[in-house]
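# Reading the structure
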Amino acid sequence: MLENYHNILLDRDGTVIEERHYLADPDQVQLIPGAASAMRALIRAGCQLFLVTNQSGIGRGYFSRAQYDAVEHRMLHLLRNEGVELMATAMCPHAPSDACGCRKPLPGLWEKLQATHGLDPNRSIMVGDKTADIRFARSAGLKAAVLVLTGHGRQTAKSLNLPISQTRALALDRSKGADLPDILAPDLAAVVDMLATH
Ligand SMILES: [Mg+2]
Ligand SMILES: [Zn+2]
């Protein structure tokens, strides 16, 4: 199944690195256990990895662009140590009140990546821990939306009346609800396990 999903779009906070409320300190960057090896497996399978992240802390004035860059730099360093290279990061720096077109769930960051990298939505999936990530996958017309239970994922799953105790990825019927993901998984590693074996 992995060959059908060439482009893996990943949310950052709560999906790749541990959720910290408005993360601004590079020393607080911590990879979620198993995330890097899962990403490495995806790359080995021929997938391209992209990060798609809302960083309204910049627009809200909670931290500077330079602090964001330091956090990004630290994360890329940790990933590189694990043999993981991202194709690109697409980031929205705006506050909700800025009414931009690039804050997830709006598709602006997808359009930017698509224009730069020529991505096919039918071969692209989004993995994230919030409803905004699932809606983003829909607004961009992506092949699939994946909800992980790391970060805010448990809260998100509860709000969607989804189970939170399973240890493996689960395929869902998205026709049963507008915000339902196609796949619910404990974490990124379980997503990759599922994609690799189906
Ligand atoms: Mg997140
Ligand atoms: Zn924006």
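Definitions and limits used
Residues numbered from 1 in each chain as written. Chains lettered and ligands numbered in written order. Predicted model: local features only at pLDDT ≥ 70, side-chain atom pairs only at ≥ 80, totals over all residues. Helix = DSSP H or I, 4+ residues; strand = E, 2+ residues; numbered from the N terminus. Rg over C-alpha atoms; globule rule 2.2 N^0.38 Å. Buried ≥ 20, exposed ≤ 12 C-beta atoms within 10 Å, placed from the backbone. Pairing = 2+ DSSP bridges. Contact = placed C-beta atoms within 7 Å. Axes fitted to C-alpha atoms, helices over the stretch in contact; angles between N-to-C directions. Arc of directions from axis to C-beta. Expected span 1.5 Å × (residues − 1). Right-handed = clockwise from strand over helix to strand, strands pointing away. Core = buried A, V, L, I, M, F, W, Y, C linked by C-beta atoms within 7 Å.

### Looking at the overall build of the protein
Scanning the protein from N- to C-terminus turns up seven helices and seven strands. Ordering the α and β elements of the protein from the N terminus gives β-α-β-α-α-β-α-β-α-β-α-β-β-α. The C-alpha radius of gyration computed for the protein amounts to 15 Å, which stays within 12% of the reference 16 Å derived for 198 residues, consistent with globular compactness. Structurally, the protein occupies a C-alpha span of about 40 × 35 × 35 Å along its principal axes. Within the protein, buried positions represent 40% of all 198 residues.

### Some remarks on the sheet that holds strand 3 (residues 88-92)
Spatially, 3-2-1-4-5-7-6 is the arrangement adopted by the seven strands of the open sheet, whose pairing is mixed. Bordering the open sheet on either side are strand 3 and strand 6 (170-171), each of which pairs with just one other strand. Of the pairings in the sheet, the one linking strand 1 (residues 7-10) to strand 4 (residues 124-128) comprises four bridges and is parallel in character. When the bridges of strand 4 are listed, Leu10 appears paired with Val127. Sitting on the sheet, helix 5 (residues 131-139) is in contact with strand 4 and strand 5 (144-148), with an inclination near 175° to strand 5.

### Concerning helix 1 (residues 35-44)
Restricting attention to buried positions, one finds in helix 1 the residues Ala35, Ala36, Ala38, Met39 and Leu42. Angularly, the buried residues of helix 1 cover 160° about the axis, an arc narrow enough to put them on a single face. Of the surrounding secondary structure, the elements contacted by the buried residues of helix 1 are strand 1, strand 2 (48-54), helix 3 (65-81) and helix 7 (188-197). Following helix 1 by one or two positions, Gly46 adopts a phi angle in the positive range, close to 100°.

### Things to note about helix 3
Along its 17 residues, helix 3 runs 24 Å from first to last C-alpha, staying within 8% of the 24 Å computed at 1.5 Å per residue. Those residues of helix 3 not exposed but buried are Val71, Met75 and Leu79. Seen along its axis, helix 3 keeps its buried residues to an arc of 75°; they face one direction. Exposed positions of helix 3 whose direction lies more than 90 degrees from the buried face are Ala66, Asp69, His73, His77, Arg80 and Asn81. If you follow the buried residues of helix 3, they end up packed against helix 1. Two residues or fewer past helix 3, Gly83 is found with a positive phi of approximately 80°.

### Some remarks on the pairing of strand 5
Among the five residues that make up strand 5, four are buried, leaving the element largely enclosed by the rest of the structure. Looking at chain direction, strand 4 and strand 5 are connected through four bridges and run parallel. Counterpart to Gly128 in the pairing with strand 5 is Leu147. In terms of handedness, the path from strand 4 via helix 5 over to strand 5 forms a crossover that is right-handed. Bridge analysis of strand 5 against strand 7 (residues 183-185) gives three bridges, and the strand direction is parallel.

### Digging into the nonpolar core
Of all hydrophobic cores here, the largest spans 53 residues; its most connected members are Ile8, Leu10, Met126, Val127, Val146, Leu188 and Val191. Per element, the largest residue contribution to this core is six residues, and it comes from helix 7.

### Digging into the environment of Ala70
One can find Ala70 in helix 3. With 65 residues separating them in the primary sequence, Ala70 and Tyr5 have C-alpha atoms 31 Å apart.

### Some details on unusual backbone geometry
Residues Lys104 and Pro105 are joined by a peptide bond in cis, for which omega reads 20°. Among the secondary structure elements, Pro105 is positioned in the loop between strand 3 and helix 4 (108-117). In the Ramachandran plot, Tyr22 falls in the positive-phi region, its phi being about 50° despite a non-glycine side chain. Looking at the secondary structure, you find Tyr22 in the loop between strand 1 and helix 1. Positive phi values are uncommon outside glycine, yet Ala99 reaches one of about 50°. Mapping Ala99 onto the fold places it in the loop between strand 3 and helix 4. Judged by local crowding, Ala99 falls into the exposed class, with 9 C-beta atoms found within 10 Å.

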